[in-house]
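# Structural description and commentary
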Amino acid sequence: MFLHIDIDSFFISAERSVNPKLLNTPAAVGSRSNLEIFNKKRDHTKLININSGAFVTPVFHNLDKRTFENYFIDEIDGKKKIRGIITTASYEARACGVKTAMPIAKALRLCPQLIVVPSNYPLYHRLSKELHIYMQEHIPLVEQYSIDEFFGDLSGWIEDDRVLEFSKELKTEIYKKFKLPVSIGISNSKYIAKLATNRAKPFGVFLVKDQNEFIKYIPIEEFPGIGKGFSKKLKAFGIKTLSDICKSKKLLYSWKKPGIELYNRVCSPNYGKISYKEPQKSIGLSRTFDAIDDYKEIHRRVVIIARYLAHMAVKANVNPQRFELKIYYKDSTKIKKTHSTNRLFNEHLLKDAFAKMLKSMWLHNRGGVVKLRANITSFANSKHKTPNLLNIDDDRKNQKLDKALYKLRDMYGLDIIKRADEH
């Protein structure tokens, strides 16, 4: 039997675990546009990666103390304006109409008694990691699927007729230890267990006894992994429910790997296996903002993004060989450039590569740039690939300099030392 364990309204539940005043009242976690990395004044931002991996993305977090007033309220021309959006809302807040991604100002109009607290990612990552460790101690095979979701495989360890009782006990013990409410879906099939969790919420347990009966009338859009594109393709063949998928094996198998995998996830009993942390294949960072038609400012932002990406690469202990930069203009023009190298990775190398790419990507009369996306990938294994010997001395010097810089940045924030073109 598979379990799917999902922390209910994780971010606000995490806040409630350390602040009981938020219990039994409409409450939510909010956040603002993540443009703090471009601030010209010091912002004490650090990389939070205590729980990072293939399933949990590291984040950058400003360590300055946040309150509703200093984080969500801007004063413009003597008038105060509430900024930011809802990240996670409690069930009490949802009952008032508050939803994820809703502007905080609108949420407060709908629910005047709503308490909104600023996001605290170090807390969320710490609790997620501690819960993962706890479950590994109580379940033989555990997979962390996201920051607030886990799969467990009880096959050969807990008898099927005891799984429901075990899950209820696990839910209770997790709340006692962490003050975090979880919902648990149970099924012989891994992905049906994830679907069953929707029936268990909030703070419940749901066991799928008959898989075919359970999926009979469920719309395809509700199944995890079926996006808008795949949904449209399925509907073109008259497939609207999960049971329709099970009636269309020949069609799905003709679509090769994607169709075969979907059919088995939905229809095959005892399907799925626990996946473990896999090596990262790429590291990316993107930011969206109001249109900017100033080359100097976009250059400054590109170099700052390179600084943050370089820090993530060093923390992940990888040596990227391919750099990608994509620019989105207001008129919907998109330009992507790539740069490949076999040099030893360092921050100076990445910044210079991005700066050169930007020069060839800059366009006038496009309404300005509204988004930047950067990726580093093709991680080289130093044992199997010979670095560029022509630049190796310079690259080693820069790596040594980076090492000293990162020690300072770990202590004082990623903006403690900047290049001249980052100011």
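In short, a report on the structure. (Residues numbered from 1 in each chain as written. Predicted model: local features only at pLDDT ≥ 70, side-chain atom pairs only at ≥ 80, totals over all residues. Heavy atoms only, no water.)

### Some remarks on the packing of helix α1 (residues 10-18) against helix α5 (residues 121-138)
Short version of the rule: Note on geometry: axes are C-alpha line fits, over the in-contact stretch for helices, and angles between N-to-C directions span 0 to 180 degrees. Counting from the N terminus, the helices are the DSSP runs of H or I reaching at least four residues and the strands are the DSSP runs of E reaching at least two. Here is the rule for angles: anything less than 35 degrees is roughly parallel, anything more than 145 is roughly antiparallel, 65 through 115 is roughly perpendicular, and the remaining ranges are oblique. Residues are treated as being in contact if the distance between any of their heavy atoms lies within 4.5 Å.
At a closest axis distance of 10 Å, the pairing of α1 and α5 adopts a crossing angle of 90°. Relative to α5, the element α1 is oriented roughly perpendicular. Note on element contacts: α5 touches α1 through Y121, L123, Y124, L127 and S128, opposite F10, F11, A14, E15, S17 and V18.

### Quick look at the pattern of salt bridges
The cut-off we apply is this: Each salt bridge in this description consists of a side-chain nitrogen of Lys or Arg and a carboxyl oxygen of Asp or Glu lying within 4 Å of one another. The classification of residues rests on relative accessible area computed with a 1.4 Å probe and restricted to protein chains. Under 20% of the type maximum is buried, over 50% is exposed, and intermediate values are partly exposed.
According to the stated counting rule, one finds 18 salt bridges in the structure shown. Among the salt bridges present, the one from E92 reaches R16, with a minimum N-O distance of 3.0 Å. Of the two residues, E92 sits in helix α3 (residues 91-94) while R16 sits in helix α1, which places them 76 residues apart along the sequence. Take E92: its relative accessible area is 27%, and that puts it in the partly exposed class. According to the relative accessible area criterion, R16 is buried, its value standing at 15%.

### Thoughts on the side chain of R16
For the record, the criterion: In protein, a polar contact requires one atom able to donate a hydrogen and another able to accept it; more generally it is a pair of N or O atoms within 3.5 Å, and residues adjacent in sequence count only if both atoms are side-chain atoms.
Polar side-chain contacts of R16 include one of 3.0 Å to the side chain of E92. Those residues in contact with R16 that lie beyond four places of it in its chain are L22, L23, N24, T25, A27, S90 and E92.

### Concerning unusual backbone geometry
Residue P202 is bonded to the preceding K201 through a cis peptide linkage, with omega at -5°. Despite not being glycine, F203 shows a phi value in the positive range, around 50°. Along the chain, F203 falls in the loop between α7 (190-200) and β12 (205-207). The phi dihedral of K256 falls on the positive side, at around 60°, and the residue is not glycine. K256 gets classed as exposed once you look at its relative accessible area, which sits at 58%.

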